[in-house]
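# Commentary on secondary and tertiary structure
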There are 8 protein chains.
Amino acid sequence: MLLKQGRKLLFIGDSVTDCDRAKPHGEGLFQALGNGYVSIIDAFLQSTYPELGIRVVNKGISGNTVRDLKERWEEDVITQNPDWLSIMIGINDVWRQFDSPLMKEKHVYIEEYNETLTELVKKTKPITDKIVLMTPFYIEPNIEDAMRHTMDQYGAVVKNVANDHDCIFVNTQDAFNKILESLYPASIAWDRVHPNKTGHTVLAKSFLDAINFDWQK
Amino acid sequence: MLLKQGRKLLFIGDSVTDCDRAKPHGEGLFQALGNGYVSIIDAFLQSTYPELGIRVVNKGISGNTVRDLKERWEEDVITQNPDWLSIMIGINDVWRQFDSPLMKEKHVYIEEYNETLTELVKKTKPITDKIVLMTPFYIEPNIEDAMRHTMDQYGAVVKNVANDHDCIFVNTQDAFNKILESLYPASIAWDRVHPNKTGHTVLAKSFLDAINFDWQK
Amino acid sequence: MLLKQGRKLLFIGDSVTDCDRAKPHGEGLFQALGNGYVSIIDAFLQSTYPELGIRVVNKGISGNTVRDLKERWEEDVITQNPDWLSIMIGINDVWRQFDSPLMKEKHVYIEEYNETLTELVKKTKPITDKIVLMTPFYIEPNIEDAMRHTMDQYGAVVKNVANDHDCIFVNTQDAFNKILESLYPASIAWDRVHPNKTGHTVLAKSFLDAINFDWQK
Amino acid sequence: MLLKQGRKLLFIGDSVTDCDRAKPHGEGLFQALGNGYVSIIDAFLQSTYPELGIRVVNKGISGNTVRDLKERWEEDVITQNPDWLSIMIGINDVWRQFDSPLMKEKHVYIEEYNETLTELVKKTKPITDKIVLMTPFYIEPNIEDAMRHTMDQYGAVVKNVANDHDCIFVNTQDAFNKILESLYPASIAWDRVHPNKTGHTVLAKSFLDAINFDWQK
Amino acid sequence: MLLKQGRKLLFIGDSVTDCDRAKPHGEGLFQALGNGYVSIIDAFLQSTYPELGIRVVNKGISGNTVRDLKERWEEDVITQNPDWLSIMIGINDVWRQFDSPLMKEKHVYIEEYNETLTELVKKTKPITDKIVLMTPFYIEPNIEDAMRHTMDQYGAVVKNVANDHDCIFVNTQDAFNKILESLYPASIAWDRVHPNKTGHTVLAKSFLDAINFDWQK
Amino acid sequence: MLLKQGRKLLFIGDSVTDCDRAKPHGEGLFQALGNGYVSIIDAFLQSTYPELGIRVVNKGISGNTVRDLKERWEEDVITQNPDWLSIMIGINDVWRQFDSPLMKEKHVYIEEYNETLTELVKKTKPITDKIVLMTPFYIEPNIEDAMRHTMDQYGAVVKNVANDHDCIFVNTQDAFNKILESLYPASIAWDRVHPNKTGHTVLAKSFLDAINFDWQK
Amino acid sequence: MLLKQGRKLLFIGDSVTDCDRAKPHGEGLFQALGNGYVSIIDAFLQSTYPELGIRVVNKGISGNTVRDLKERWEEDVITQNPDWLSIMIGINDVWRQFDSPLMKEKHVYIEEYNETLTELVKKTKPITDKIVLMTPFYIEPNIEDAMRHTMDQYGAVVKNVANDHDCIFVNTQDAFNKILESLYPASIAWDRVHPNKTGHTVLAKSFLDAINFDWQK
Amino acid sequence: MLLKQGRKLLFIGDSVTDCDRAKPHGEGLFQALGNGYVSIIDAFLQSTYPELGIRVVNKGISGNTVRDLKERWEEDVITQNPDWLSIMIGINDVWRQFDSPLMKEKHVYIEEYNETLTELVKKTKPITDKIVLMTPFYIEPNIEDAMRHTMDQYGAVVKNVANDHDCIFVNTQDAFNKILESLYPASIAWDRVHPNKTGHTVLAKSFLDAINFDWQK
């Protein structure tokens, strides 16, 4: 596995990352990591590699866009000194364009998304071992659906940023597409955005596979 | 308007009809009609035709399928002696096939749907002035979406039953399709089923237009 | 319809406008517009003219008099940059004179009402497309009732201000008077002030008629 | 005072009597008598005539009409063996005709009211020392108001029954009329039915005066 | 009656005065006066002399001693500009000596009590029409009981202050003593301090008698 | 200590015994014994004689009189098969005579108290190792106080029953009298009946002393 | 993987299985499977083998012993017609002997445990495809700890039953022992019984490994 | 007994001391001392030596380590002017090393513990009559258990500090060890740290014995 002894791994993102984590600091006893993919990843790391002492921190906040991340980057990422950083952002950047089309001040269009994400990655790369970039996703199999189409474009931005800055890339949309061949979206997420436990396990597996987690250990 | 002086109009259906109405009897003071399309229809009838004294009753129950309606038909429809009856059912009959694919005992397939709806209409027609049949709907513009496709088939059943038994037919799916040309589903219903106030107004307008409500009166 | 593509329409007023809207800003998802006439107007605008993208904002606050509006005018109206503005105020200005006769510091008498309303209209007219003035009302059919009598005088003030400054005038008292011919006040509002859904629909229809809303579209 | 040593005085009626009394039995410690006129009467009896040991019981139930009283008369009056009985009923009998005009099964018209009240008084007179009949009331000064007009007719029924069966008669409407010369209804009861503390004191004083309570003792 | 047209009457004291009044200002609609003797006095003033428009304000705060009153005198009395002022204080000054004997910093001994009460009366007399001084009380018939004995001494202080500064004097202990001849303390107040409705009526009657209230009006 | 290995000790009584114990059965984990003297006794037995395995059960119920105990004796005592039984009852038998003097059906006078207590002791003595009788008490130092005087008479009954049937006798009134020489009642129990922790410790010590508990062990 | 297309897999047990599942039936939407190892197993089955349609049902109930399972076996297992059945029971059978040593009627000793478990397995084997037996566990590394020692004996019983009746055997104690080499019990379960998410993942992995789940699929 | 007339005794510590005491100041009526060993000690002092007027104050705060005590020492100890001071701290200093091994910033290792405790004792000795030092404890009988082993080392530090500075030393671990010979930890504290009432009584007895409390008085 790529993660080594004693590393601190920080996750940042929106409600999919947040999942009712402890505030202000998402670490410690009593479900402090929330109940989403972050907590599944932590549980597998602790139960499979208890000897490594990997420290997992959750800094997701519901409703966040990349613009919100930028605003709290200093406090919630830089001063936390993570060794590894995982970012999954973009769902709300896109969603607000579709569920609140008239409130344009809440939309984060693709140029701003690209620039801001790039800026955050560039600023943080020098002070971390590794950055993982997870795409935003939309649990909708129809690629001509307007919101899915836009989300795919944001996902492509993430891929480019990952390539350009040597980050580990996790394509969450691809992971969901695979189970959407067998399951209808409503059985994974009623609003096609907030996954149930099955959906969060899809995310956790994608992440763990990307860091070469050894399932058979 | 087709509704005459002193008539009693009863609505039956699922959560879209229910909308937190008073239980067990959905009539009277203090929001007893709930906050969905039934309450909008009532408010327009009372404010525009206060002199007619139209009595509106809501008997929707969340989660119901046509199978559930059949079970409570005697108590909730027949013994209520309505002059007019409006039925909107079928969403859960279809939805469970997609969000709970493994629990087949909860699925109501199209033959049972057709037979049961027909039976209820035939039994009730002789003892009412008029029956209104509203289609179930799915706020999804992609007609190739699996659930939308199935819902359309159930809607076609409703149309046939209405034709065969001289009921007033309200095509709610058509009504939603029109605004879906301008709006993305997420701005009307996060789960594409439970409409916000805009969506309930679409339903109420379709119903009122179908009974020749005079908006200019 | 008078409202054109992309306009922002802001409502300000007291509890009849407020109706449990989101605070501090009454706009967005999840019933942010409250459950009164503002939400009905918005639902009809969105469902009938979805292509126009009319943005509706609710800035009503329970218990407000025109004196309170003046105090928060800069923050809640001017800085919001509305294209259209609708004002319905005056009920509490009058009501406190009758339910709290001894607390005279809470009464807003007619001269102050006239002056303040005029001042607010004059200040705002140059920076908006159009202002709608809705009268306060009292759901009491007896014009000799002391509070109804006073309310009618405040309503006359509103009419004059509307005439003098070329505002759209909505006579809500007239609208209620019409249904009071058939219905007793207690069936619309237990305290003759806070309308039920039927009463709010009376208000919404009066407003929509005044801006030439096309019900048949 | 007419009430003698050791008498049990039972009050029955609707929400004005009930006022959140203890259920099922309205007697004992901890506000068991509710917070309306019954509790004021009791407090004056206990504080002025502590040596008499008058036992007060409250059997009011919110929403009751005379039809409801009849149904629970055996359990809530006869088996309680009161020495004195005070009845104030009729507000809901009238109110439902005005706030729920379409639900005619909830209206208790004047003939039924007269017959039922007479029947209850005749049945109970032989087994009590004295019956007090208090009129229903409506805190509305306009005698041409439709609901006030009807309430006055029910009040006249009470007067006749009191005369015919030698009961003590308390005209609560008269008592309210007197203060309505100085105060607007809204300062006593927002819905013109449920009095505030001032209104309940009007009721208590009328009752106590009618039984020759000695205020100077 | 001594109170004239349009006077403002302010009550200040401890929990017996407070009784769950509105905070910060104890005046207005919705039980703002609490549910103790202040609200009974107000209800009798409004119902018997509605034409006088007497304004009643409650500024009692639970747990207060005369030391606490002094601290908030400017804000809660002087700036309120009352015409009449009623003070009932001293119960906690004494009680803490008996229920918390070790926390001497919470005890207000009789010299401080005398000086502070005198100071407050002297400062306020010139700017009011009249001051009413009500004694503290203890609902304990045994005058040799240690706490009753002390309370009587504090009551004597109040009497002296009233005499020296021409205040109306209300001996609440005397009033309770009278009904304690017939009733055991536990039937009026479980802790011998916080009266039930009967006890509060004893207080209200004492006050109203002292200002020549006309019960027969 | 008199209690031997493996004995089951059951306490029955009123609210002083109950103290929020688990219902229906007062034994087991999670504060099942309540927070009164029973729990203190148990804690001392378990911490000082852990090797004995004494089983403590609490069957107190708030508000109970000896008449109530009789009614539930079969279920709550006999079928529980206790080795030792402790009874403390009588406070409510007396209290109701003083706080609810008019509700005579709730009073349990001294003859009935004596007879019922005797009957219960006689019935249970043959099937238990030992019965402990604790007197009721009143935390009032004045022996001429009417309720204290009555309580002392009930205490004398308990002493006689204990003597006649060879029960262990615990004089709780005596125990309280001793600390009342130094402390005022209000510092132990605001209503002179429900003790705070200091008062419950007085009860527990009296009981433990009576069964020869070895404090120095 | 051993589980084939369309199989129904039912879990039964105590609080470790229950984990706040839906009652009475632990299957369906909205976290119906609880938040313990059952929900993790289900999430991995659905996300990895969505095409198989494995139906998972949770019938755990907090506090249960094998004696309780026997009582509800007909209703909660037999009538559910599972294809696969997983049983994990015994923790409370042992725990009550240590946390409630005096309440012997709540202890299930090893002979009864063995007999009952055997009986349930024998009765159910003929009507299922396969039974999985998971041992109870105690998250305590010291094998000489009294409770751990007893738990190991119950685990040995499970192993024997599994061998004798050809069940799949899952040694949960072994699985925990492995991570206890690196982690102190308090970091997995404060009471050494109810695991946090890491502990439940240990259980889920043991189960999935035992049925040849393909982690790499 | 060592404690003399009128002394103030202050307890400071972590959750075992806190036990839901009043905040910010743990003294006064209404369970202000919490429900742990502090309240038991107080109850025995007040009930056995009521004439001494010993004042007990609780300043425990859940989760505190010695590092936290140092931070609030000025406010919570020095300015309180206690005559006697009892300190029981260290459980969390150790526990966090075992339940949160990765969050090293929360660990207080033994050197810091020793230094800080010594510093606090030295600073406070000159201004108090006497300091009592109670060891931290772990309700685990296995002395080879890693956390018990560490706790014993911290306990040894306490003993040394007590010896060096002439403090009264209370070995709480020894006290628990004695009952652990008969009882399994789970019957005293589910997490082996937070004692039930039996455990708190063990602590209270140890303290009272150490100050020569006379149980037979």
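Residues numbered from 1 in each chain as written. Chains lettered and ligands numbered in written order. Predicted model: local features only at pLDDT ≥ 70, side-chain atom pairs only at ≥ 80, totals over all residues. Heavy atoms only, no water.

A tally of helices and strands in chain A yields eight helices and five strands. Counted from the first residue to the last, chain A has its helices and strands arranged as β-α-α-β-α-β-α-α-β-α-β-α-α. Its C-alpha atoms give chain A a radius of gyration of 16 Å, near enough to 17 Å, the size a compact globule of 217 residues would have. Buried positions account for 65% of the 217 residues belonging to chain A. For chain A, long-range pairs separated by at least 24 residues make up 77% of all intrachain contacts whose partners lie at least 6 apart in sequence. (Helix = DSSP H or I, 4+ residues; strand = E, 2+ residues; numbered from the N terminus. Rg over C-alpha atoms; globule rule 2.2 N^0.38 Å. Buried < 20%, exposed > 50% of the residue type's maximum accessible area, 1.4 Å probe, protein only. Contact = heavy atoms within 4.5 Å.)

This next bit is on the UniProt feature "domain: SGNH hydrolase-type esterase" (unreviewed entry) in chain A. Mapped onto this structure's residue numbering, the UniProt feature "domain: SGNH hydrolase-type esterase" (unreviewed entry) falls at residues 11-201 of chain A. Taken end to end, residues 11-201 of chain A has its terminal C-alpha atoms 16 Å apart, with 44% of it in helix and 10% in strand. (UniProt positions renumbered as here; feature names shortened; annotations may be inferred.)

Taking 1.5 Å as the rise per residue, helix 5 (residues 110-124) of chain E with 15 residues should run 21 Å; its terminal C-alpha atoms sit 21 Å apart, in good agreement. Residues of helix 5 of chain E that are buried include every one of E:Tyr113, E:Thr116, E:Leu117, E:Thr118, E:Leu120, E:Val121 and E:Thr124, and no others. (Expected span 1.5 Å × (residues − 1).)

The next thing to look at is the relation of the copies chain A and chain G. When chain A is fitted onto chain G, the two copies agree to an RMSD of 0.0 Å after a turn of 180° and an axial shift of 0.0 Å. The superposition operator between the copies reduces to a two-fold rotation axis. If distances are taken from each C-alpha of chain A to the rotation axis, the shortest is found for A:Trp215, at 3.2 Å. Mapped onto chain G, 100% of the interface residues of chain A are again interface residues, and the two copies thus contact each other with one and the same surface. (Least-squares fit on C-alpha atoms with pLDDT ≥ 70 in both.)

Right, let's get into the side chain of A:Lys197. Following the sequence through the fold, A:Lys197 ends up in helix 8 (residues 197-210). In this structure A:Lys197 is buried but unpaired, with G:Asp42 as the nearest side chain of opposite charge at 9.1 Å. In this structure A:Lys197 touches G:Asn35, G:Ser39, G:Ile40, G:Ala43 and G:Lys197, once residues within four positions along its chain are discounted. (Lys, Arg positive; Asp, Glu negative; His and termini not counted. Salt bridge = Lys/Arg side-chain N within 4 Å of Asp/Glu carboxyl O.)

It is worth spelling out the interface of chain A and chain G at this point. The interface of chain A with chain G comprises 25 residues on the first partner and 25 residues on the second. Seen at the junction of chain A and chain G, the total is zero salt bridges. Taken together, the links from chain A to chain G amount to four residue pairs in polar contact (both at pLDDT 80 or more). Taken together, the elements giving at least two residues each to the side of chain A that touches chain G come down to helix 2 (37-48) and helix 8 of chain A. Tallying contributions element by element places helix 2 of chain A first for the side of chain A that touches chain G, with eight residues. Here the side of chain A that touches chain G is built from residues that sort into eleven nonpolar, nine polar and five charged. (Polar contact = N/O pair within 3.5 Å; in protein donor to acceptor, adjacent residues only side chain to side chain. Nonpolar A, V, L, I, M, F, W, Y, C, P; charged D, E, K, R; others polar.)

In the superposition of chain G on chain H (RMSD 0.0 Å, axial shift 0.0 Å), the rotation amounts to 180°. Looking at chain G, 100% of its interface residues are interface residues in chain H too, so the copies touch through the same face.

Next up on the list: helix 8 (residues 197-210) of chain H. All names here are of chain H. For helix 8, which comprises 14 residues, the first-to-last C-alpha distance of 20 Å matches the rise-based estimate of 20 Å (1.5 Å per residue) to within 8%. Of all the 14 residues making up helix 8, twelve are buried; the element is thus mostly covered by neighbouring parts of the structure. When we look at burial in helix 8, the residues that qualify are Lys-197, Thr-198, Gly-199, His-200, Thr-201, Val-202, Leu-203, Ala-204, Lys-205, Ser-206, Phe-207 and Leu-208. Between a side-chain oxygen at the N-terminus of helix 8 and the backbone nitrogen of Thr-198 the separation is 3.1 Å; the capping residue is Asn-196.

All names here are of chain D. Contact pair helix 6 (residues 110-124) / helix 7 (residues 146-164): the axes reach a minimum separation of 10 Å and the direction vectors enclose 30°. As judged from the angle between their axes, helix 6 and helix 7 are roughly parallel. As helix 6 packs across helix 7, the resulting crossing turns out to be right-handed. Where helix 6 abuts helix 7, its residues Ile-110, Tyr-113, Asn-114, Leu-117, Thr-118 and Val-121 lie against Gln-153, Tyr-154, Val-157, Val-158 and Val-161. Class assignment for the residues of the contact of helix 6 with helix 7 results in eight nonpolar, three polar and no charged. (Axes fitted to C-alpha atoms, helices over the stretch in contact; angles between N-to-C directions. Parallel < 35°, antiparallel > 145°, perpendicular 65-115°, else oblique. Left-handed = near helix turned anticlockwise from the far one by under 90°.)

What holds strands together in a sheet is hydrogen bonding between their backbones, with the strands either parallel or antiparallel. Residues and elements named next belong to chain C. The sheet built from five strands is open, its strands ordered 2-1-3-4-5 with parallel pairing. Looking at which strands have only one partner, the edges of the open sheet turn out to be strand 2 (55-58) and strand 5 (168-170). For this sheet the average axis-to-axis angle between neighbouring strands, irrespective of direction, equals 15°. Pairing of strand 1 (residues 8-13) with strand 3 (residues 84-88), which is carried by five bridges, proceeds in the parallel orientation. (Pairing = 2+ DSSP bridges.)

So, about the sheet that holds strand 2 (residues 55-58) of chain F. Residues and elements named next belong to chain F. With respect to topology, five strands assemble into an open sheet ordered 2-1-3-4-5, the strand pairing being parallel. If you trace the sheet from one side to the other, it starts and ends with strand 2 and strand 5 (168-170), each paired once. Direction aside, neighbouring strands of the sheet carry axes that sit 15° apart on average. Across the sheet, helix 3 (residues 66-76) is in contact with strand 1 (8-13) and strand 3 (84-88); its angle to strand 1 comes to roughly 160°.

Below, the discussion takes up the packing of helix 2 (residues 37-48) of chain F against helix 8 (residues 197-210) of chain F. The description of two helices packed together rests on the angle between their axes and the distance between the axes. Residue and element names in this part refer to chain F. With their axes 8 Å apart at the nearest point, helix 2 and helix 8 run at an angle of 50° to one another. For the element pair helix 2 / helix 8, the angle class is oblique. Handedness of the helix 2/helix 8 crossing: right-handed. Contacts between helix 2 and helix 8 involve Tyr-37, Ile-40, Ile-41, Phe-44 and Leu-45 on the former and, on the latter, His-200, Thr-201, Leu-203, Ala-204, Phe-207 and Leu-208.

A word on the interface of chain G and chain H. Often, the extent of an interface is quoted as the loss of accessible area upon association of its parts. The partner chain H presents 18 residues to the 18 residues of chain G that form the contact. Here chain G meets chain H over a buried area of about 1,400 Å², counting both sides, of which 59% is carbon and sulfur. Where chain G meets chain H, there are two salt bridges. Between G:Arg192 and H:Glu140 there is a salt bridge, with its nearest N and O atoms 3.3 Å apart. Inspection of the chain G/chain H interface yields eight residue pairs in polar contact (both at pLDDT 80 or more). Those elements that provide at least two residues to the side of chain G that touches chain H are helix 4 (91-99) and helix 6 (146-164) of chain G. Tallying contributions element by element places helix 4 of chain G first for the side of chain G that touches chain H, with four residues. Here the side of chain G that touches chain H is built from residues that sort into nine nonpolar, three polar and six charged. (Buried area = accessible area lost by both parts, 1.4 Å probe.)

Going through the model one piece at a time under the given rule, you end up with 112 salt bridges over all chains. One salt bridge connects D:Arg55 with D:Glu27, and the closest N-O pair in it is separated by 2.6 Å. With D:Arg55 in strand 2 (residues 55-58) and D:Glu27 in the loop between helix 1 (15-18) and helix 2 (37-48), the pair connects residues that are 28 residues apart, well separated along the chain. The class of D:Glu27 is buried, set by a relative accessible area of 11%. Linked by salt bridges that have partners in common, A:Glu140, A:Arg192, B:Glu140 and B:Arg192 make up one network.

All names here are of chain C. Relative to the assigned elements, Met-151 resides in helix 6 (residues 146-164). Met-151 sits in the buried class, given a relative accessible area of 1%. Along the chain, Met-151 and Trp-95 lie 56 residues apart, while their C-alpha atoms are 8.7 Å from each other. Not counting chain neighbours up to four residues away, the residues in contact with Met-151 comprise Gly-90, Ile-91, Val-94, Pro-136, Phe-137 and Tyr-138.

Moving on, we come to the confidence of the model for chain A. Here chain A averages 97 in pLDDT, while 100% of its residues score no lower than 70. With a pTM of 0.94, the predicted complex shows an ipTM of 0.95. (pLDDT = per-residue confidence, 0-100.)

Bringing the packing of aromatic side chains into the picture now. With the rule as written, the count across this model stands at 104 aromatic pairs over all chains. When the centroid spacing of 6.1 Å and the interplanar angle of 70° are considered together, the rings of B:Phe44 and C:Trp215 count as edge-to-face. Here B:Phe44, found in helix 2 (residues 37-48), pairs with C:Trp215, found in the segment after helix 8 (197-210), and the two come from separate chains. Neither residue differs from the other here; B:Phe44 and C:Trp215 are each classed as buried. (Phe/Tyr/Trp six-rings, centres within 6.5 Å; stacked < 30°, edge-to-face > 60°.)

Moving on to the state of the cysteines. Applying the stated criterion to the full structure yields zero disulfides over all chains. Of the cysteine sulfurs around C:Cys19, a residue in no disulfide, the closest is that of B:Cys19, at 18 Å. C:Cys19 gets classed as buried once you look at its relative accessible area, which sits at 15%. (Disulfide = S-S within 2.5 Å.)

Another point: unusual backbone geometry. Going from A:Lys23 to A:Pro24, the amide bond is cis rather than trans, its omega being 0°. When you line up the elements, A:Pro24 lands in the loop between helix 1 (15-18) and helix 2. Even without a glycine there, the phi angle at H:Phe30 is positive, about 60°. Looking at the secondary structure, you find H:Phe30 in the loop between helix 1 (15-18) and helix 2 (37-48). Accessibility expressed as a relative area gives 65% for H:Phe30, which makes it exposed.

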